[in-house]
Amino acid sequence: MQHGKRGPAFWLLGAFFCLFVLFLYGPTLTILILSFQGPSGGLTFPMNGVSLHWFRNLFEKQMVGDFAGSLQRSLLLGMAVMLVTVVASFSAGLAFRSRFRGSGILFYLAIASLIVPSILISLGIGLLYRVLGWDPAWYSSAFGAHLTWTLPFGLLIMFAVFNRFDRRYEEAARYLGATSWQTIRHVVVPILLPSLIGVGLFGFTLSYDEFARSLYTAGTFNTLPLEIYGMTTNVTTPVLYALGTVTTGVSVLAIALSLLSVTWLRRRRTRHGSDAGKAA
Amino acid sequence: MNRVKVWVTYLQVAPLALVFLLFLIVPIATIVVVSFFDYNTTQIIPAFLLQNYEELLLSSVTWRTYQQTLQFALITWALTLLIGFTVAYFVAFHVRSSTMQTVLFLLCTIPFWTSNVIRMISWIPFLGRHGLANTTLMNLGLINQPLEFLLYSDFSVVLAYVHLYTLFMVVPIFNSMMRIDRSLLEAARDAGATGWQTLVNVILPLCKPGIAIGSIFVVTIVMGDFVTVRMMSGGLSASVGLMMANAMSLLQYPAAAANAVVLLLLVLGIVAAMMRMVDIRKEL
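Residues numbered from 1 in each chain as written. Chains lettered and ligands numbered in written order. Predicted model: local features only at pLDDT ≥ 70, side-chain atom pairs only at ≥ 80, totals over all residues.

Colleague: Hey, could you run me through the nonpolar core in this one?
Modeller: For soluble globular proteins, the rule of thumb is that nonpolar side chains tend to be buried together. Core analysis: the largest hydrophobic core is formed by 147 residues, its most contacted members being A:L123, B:M244 and B:A260. Of the residues forming this core, the biggest block, 14 residues, is contributed by helix α8 (residues 154-178) of chain B. If we ignore the near neighbours within four places in the chain, the residues touching A:L123 are A:Y216, B:I31, B:M244, B:M248, B:A256 and B:A260. (Core = buried A, V, L, I, M, F, W, Y, C linked by C-beta atoms within 7 Å. Buried ≥ 20, exposed ≤ 12 C-beta atoms within 10 Å, placed from the backbone. Helix = DSSP H or I, 4+ residues; strand = E, 2+ residues; numbered from the N terminus. Contact = placed C-beta atoms within 7 Å.)

Colleague: It is not clear to me how the interface of chain A and chain B should be interpreted in this structure. Could you clarify?
Modeller: Interfaces are often sized by the amount of accessible area the parts lose when they come together. Contacts between the two partners involve 71 residues from chain A and, on the opposite side, 67 residues from chain B. Those elements that provide at least two residues to the side of chain A that touches chain B are α1 (8-34), α3 (67-95), α4 (103-115), α5 (118-132), α6 (141-163), α8 (180-208), α10 (224-234) and α11 (239-272) of chain A. A total of 15 residues in the side of chain A that touches chain B trace back to one element, the largest contributor, which is α1(A). Class assignment for the residues of the side of chain A that touches chain B results in 51 nonpolar, 19 polar and 1 charged. (Nonpolar A, V, L, I, M, F, W, Y, C, P; charged D, E, K, R; others polar.)

Colleague: How should the confidence of the model for chain B be read in this particular structure?
Modeller: If pLDDT is low for a region, its predicted coordinates should not be looked at in detail. Averaged over chain B, the pLDDT score is 88; the fraction of residues at 70 or greater is 97%. Ranking the elements of chain B by mean pLDDT puts strand β2 (residues 44-45) of chain B last with 80 and helix α3 (residues 60-94) of chain B first with 94. (pLDDT = per-residue confidence, 0-100.)

Colleague: What am I meant to see in the environment of A:S195 here?
Modeller: Residue and element names in this part refer to chain A. As for its position among the elements, S195 is in helix α8. Classification of S195 by C-beta neighbours within 10 Å gives buried; the count is 21. Taking the C-alpha atoms as reference points, S195 and S141, separated by 54 residues in sequence, lie 28 Å from one another. If we ignore the near neighbours within four places in the chain, the residues touching S195 are I157 and V161.

Colleague: Just checking my understanding: could you explain the environment of A:F17 for this structure?
Modeller: Along the polypeptide, A:F17 turns up in helix α1. A:F17 gets classed as buried once you count the C-beta atoms within 10 Å, which come to 21. When near neighbours in sequence (up to four residues on either side) are disregarded, A:F17 contacts B:V87 and B:F90.

Right, dumping it as structure tokens:
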């Protein structure tokens, strides 16, 4: 299996893999193409010319609700969730390296947060706010609802990362007289930076695309996925696809930025080797 | 551990604990409490009634809906497992260079970071009445009129589930496969096992934890889903999530809450059964 000529199993499985990738990406690429449909074009092929008509349409407020506003809210919310997810997961990851009273319970809470269906979290927070007489809003209740989804991912990633982290780096820093804070700031964070970027990517994109957890928690002003969902019931023009293209574009941009910065960090690390002594 | 260090530890986990307390424990507790409340057309009234549960469990609609949801979960589970395992197996054992493995793995996971709602919408040009599938089949002369069941049916719901959630299977199974000691495979081959025998007797048992984790993800997501069923079935199929959403839109909050409690118990039961197969903490 490891050496020599490829057997038939390889080609069969390879073909299956290609079909799977086509299945994953095909539909999205199709709406990408169809979003450039001409002004008289419909929701399906054929293309009736090529234009930016539907993208212009998207930004005319009366046409499709409040697209610009919901995009802005989702971007802001995504960044806030990203920031909190990175900081809270990292600091919890540090703490979880030693056993402490309640660590088991907290771990199971994180798992529970992953497996309790999103709609129950949404419903629960919505009900809670109603019982208390508070108004749910995207920056309060939806923010918390999103964190219950992103934090467990962040925490599990940090577990995996710290399991592979060589603690001798920290010990070396301590022997050289670094305080705990200096050790974290100049040793742990730089070494783990690529993983922290990964956690950030999870935080941003999971929040930016979250539907079920926003449903009863977003309040008066919609986030983008809610806005899109609302559109699917009453918009029957390719403007829907234009919206899809823009949204997916934002996600792809976030993914590309993360991957590029991780690759850049890796390159720099192999090029420079150690930067010992530069921190002081 | 000295005193200061203990305090630092608690400070480090405080944000995490606070979020889980405020946005997981308290809301779930609220659902449980509200599920015993009374309600009329305009408001909910604090009370301790079993009526919401009675109405829920005595209705045949409930049982049918739960049955349909479980059926969706089972079919989706089987398909995602089959496809996810095959894809992971190819990348883990048939792709030789580790760079290529990383690239292909990323290729499988990138859609996870894009919008589910958009990925559902993107099936319209394929499955619609005048979509690619129907026009192709008609041009080939295989059918005379468009197939109606392609979009807005149980078929399209399952298709969307598989499309959206197979990577929840691929990732943990791939992770399990990459931890398998390659010398075990060599030993199996030296002992005369065929490729298929190695797969069934060596690789598959060692992938059990990954399979369990992937299954937990897929099953819990499908059990609680409402948006996929609503969008892909066009209102023709039901699910427990959809049933709750309908109760919510009629302002029957206690009824929705009672349903939520039942669903939660069911999901936790299923997960507990699957967890017996695997120690998640060991897998990280």
